Amino acid sequence: MATGATLAATRDRAAKVRGPLVTLAGLRGIAARILPPLVVLAGFLLLWEVLCSSPTAGLPPPSRVVAEAWDIIVDPFYDNGGTDKGLFWHIAASLKRVALGFSLAVVAGVLLGTLVGQSEWAMRGLDPIFQVLRTIPPLAWLPLSLAAFRDGQPSAIFVIFITSIWPIIINTAVGIRNIPQDYRNVAAVIRLNPIEFFVKIMLPSAAPYIFTGLRIGVGLSWLAIVAAEMLIGGVGIGFFIWDAWNSSHISEIIVALVYVGLIGFVLDRLVAGVGVLVTRGTSAA
């Protein structure tokens, strides 16, 4: 009996130490994060509804958008063959192109950024060229890529690659140049070879800068693919928007733009989350 009473008392003390799982302060914190954007969104939708309710308005109000685009909202998975597919398949095709182009840009951008950041000669020779090339608009590369690859799929991937690589290169180079001299001295003392120095010193030290470049790059990738798909055709969210415009389905365009914005936000959060994990919190989410 004494043992049972002791165990019960121990559990009671542990429960008091842990405290309740849900507290008033915690609920207030959640409300402080969720309520402001919901209030702003509700106000925006109300204003939009009022301004576009007139029959002569150029854009449909939210109520009409939902009514006219209800089929593609509730069934994004339909597939009638060809390009007649639901939004899920168009978004999946665009994300596949982004994944390929962005992955190539990450590998090439980190390596080139490391070279530029580590070598004074490479910085003097390559940095002016990079600064010129990065100012070229993404769609200006599309005719050149179509002439080179003679196919829309690799051309779109190239446009993503060439659009997203520049912030990765620049931020990686800045991160490499800002490695503390103490780290370099320690690496020299323990005689790390170039590969070990790259893996154990360079990448961890420059990781916050690299992930800043990755976040900018993935956002530019998503912007570039939507624009490129409007021109190359085929399955993709950009083609869906352009096809809806040609069919005068303005409500479908608005729904697609909502999806584009949400997917772009999710991509940014994913890269930011990976950055926080890799850098152990030194990269801001």
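Analysis parameters
Residues numbered from 1 in each chain as written. Predicted model: local features only at pLDDT ≥ 70, side-chain atom pairs only at ≥ 80, totals over all residues. Heavy atoms only, no water. UniProt positions renumbered as here; feature names shortened; annotations may be inferred. Helix = DSSP H or I, 4+ residues; strand = E, 2+ residues; numbered from the N terminus. Buried < 20%, exposed > 50% of the residue type's maximum accessible area, 1.4 Å probe, protein only. Contact = heavy atoms within 4.5 Å. Patch = residues over 30% accessible without salt bridge, like charges linked within 9 Å, V, L, I, M, F, W, Y side chains within 5 Å. Areas by Shrake-Rupley, 256 points an atom, 1.4 Å probe, with all protein chains shown as cover. Salt bridge = Lys/Arg side-chain N within 4 Å of Asp/Glu carboxyl O. Expected span 1.5 Å × (residues − 1). Bend = angle between axes of the 7 residues up to and from the residue. Polar contact = N/O pair within 3.5 Å; in protein donor to acceptor, adjacent residues only side chain to side chain. Axes fitted to C-alpha atoms, helices over the stretch in contact; angles between N-to-C directions. Left-handed = near helix turned anticlockwise from the far one by under 90°. Nonpolar A, V, L, I, M, F, W, Y, C, P; charged D, E, K, R; others polar. Phe/Tyr/Trp six-rings, centres within 6.5 Å; stacked < 30°, edge-to-face > 60°. Core = buried A, V, L, I, M, F, W, Y, C linked by side-chain atoms within 4.5 Å. Parallel < 35°, antiparallel > 145°, perpendicular 65-115°, else oblique.

Per an unreviewed UniProt entry, the chain carries the name Nitrate ABC transporter permease and comes from Methylorubrum zatmanii. As stated in UniProt under Sequence similarities (unreviewed entry), the record for the chain gives "Belongs to the binding-protein-dependent transport system permease family."

## A closer look at the overall build of the chain
Of regular secondary structure, the chain possesses twelve helices and zero strands. Beginning at the N terminus, the succession of helices and strands in the chain can be written as α-α-α-α-α-α-α-α-α-α-α-α. Looking at the chain as a whole, 34% of its 285 residues qualify as buried. Counting contacts in the chain only where the partners sit at least 6 residues apart, residues at least 24 apart contribute 67% of the total.

## Considering the environment of isoleucine 162
Along the polypeptide, isoleucine 162 turns up in helix 8 (residues 152-177). Judged by relative accessible area, which is 9%, isoleucine 162 ranks as buried. Placed 28 residues apart in sequence, isoleucine 162 and arginine 134 show a C-alpha to C-alpha distance of 8.3 Å.

## Description of unusual backbone geometry
Phi angles above zero are rare outside glycine, and arginine 191 is one such case at about 60°. Positive phi values are uncommon outside glycine, yet serine 248 reaches one of about 60°. Structurally, serine 248 can be placed in the loop between helix 11 (237-246) and helix 12 (250-279).

## Overview of a nonpolar patch on the surface
A cluster of nonpolar side chains, Leu27, Ile30, Ile34, Leu35, Leu38 and Val39, forms an exposed patch at the surface whose accessible area comes to about 560 Å². Taking the relative accessible area as the measure of exposure, isoleucine 34 reaches 43% and is therefore partly exposed.

## Section: helix 6 (residues 120-133)
Here helix 6 is 14 residues long and its end C-alpha atoms lie 20 Å apart, about the 20 Å a rise of 1.5 Å per residue gives. Where helix 6 bends most, at leucine 126, the angle is about 35°, and the proline proline 128 comes one to four residues later. All buried positions along helix 6 are accounted for by Ala122, Met123 and Phe130. Those residues of helix 6 that are buried lie in contact with helix 5 (87-118) and helix 8.

## Focus on the side chain of threonine 172
Assignment of secondary structure puts threonine 172 in helix 8. Polar contacts involving the side chain of threonine 172 include one to the main-chain carbonyl oxygen of isoleucine 168, which spans 2.7 Å. In this view, threonine 172 contacts Gly109, Val110, Gly113, Thr114 and Ile210; residues no more than four positions away in its chain are not counted.

## Details of the packing of helix 6 against helix 8
Running from N to C, helix 6 and helix 8 point in directions that differ by 145°, and their axes come no closer than 10 Å. Judged by the sense of rotation from one axis to the other, the crossing of helix 6 with helix 8 is left-handed. Where helix 6 approaches helix 8, its residues Met123, Phe130, Gln131 and Leu133 are matched on the opposing element by Trp166, Ile169, Ile170 and Arg177. For the contact of helix 6 with helix 8, the class distribution of residues is six nonpolar, one polar and one charged.

## Brief notes about the packing of aromatic side chains
Going through the model one piece at a time under the given rule, you end up with six aromatic pairs. Here phenylalanine 88 and tryptophan 89 contribute two aromatic rings whose centre-to-centre distance is 4.9 Å and whose plane-to-plane angle is 85°, an arrangement assigned as edge-to-face. Look at tryptophan 141 and phenylalanine 158: their rings are 6.2 Å apart centre to centre, the planes differ by 75°, and that puts the pair in the edge-to-face class. One end of the pair, tryptophan 141, is in the loop between helix 6 and helix 7 (142-149); the other, phenylalanine 158, is in helix 8, and 17 residues separate them in sequence. The partly exposed category is assigned to phenylalanine 158, whose relative accessible area is 22%. The rings of Phe77, Phe88 and Trp89 are connected pair by pair, giving a single aromatic cluster.

## Structural notes on the nonpolar core
Core analysis: the largest hydrophobic core is formed by 50 residues, its most contacted members being Leu87, Leu214, Trp222, Ile225, Ile237 and Ile241. Among the secondary structure elements, those contributing two or more residues to this core are helix 5, helix 6, helix 8, helix 10 (194-232), helix 11 and helix 12. Top element by residues in this core is helix 10. It accounts for eleven residues.

## Regarding the packing of helix 8 against helix 10
Here helix 8 crosses helix 10 at 155°, and the two axes come no closer than 7 Å. Of the possible angle classes, the one that applies to helix 8 and helix 10 is roughly antiparallel. Where helix 8 crosses over helix 10, the two elements pack in a sense that is right-handed. Grouping the amino acids of the contact of helix 8 with helix 10 by side-chain chemistry returns 18 nonpolar, ten polar and no charged.

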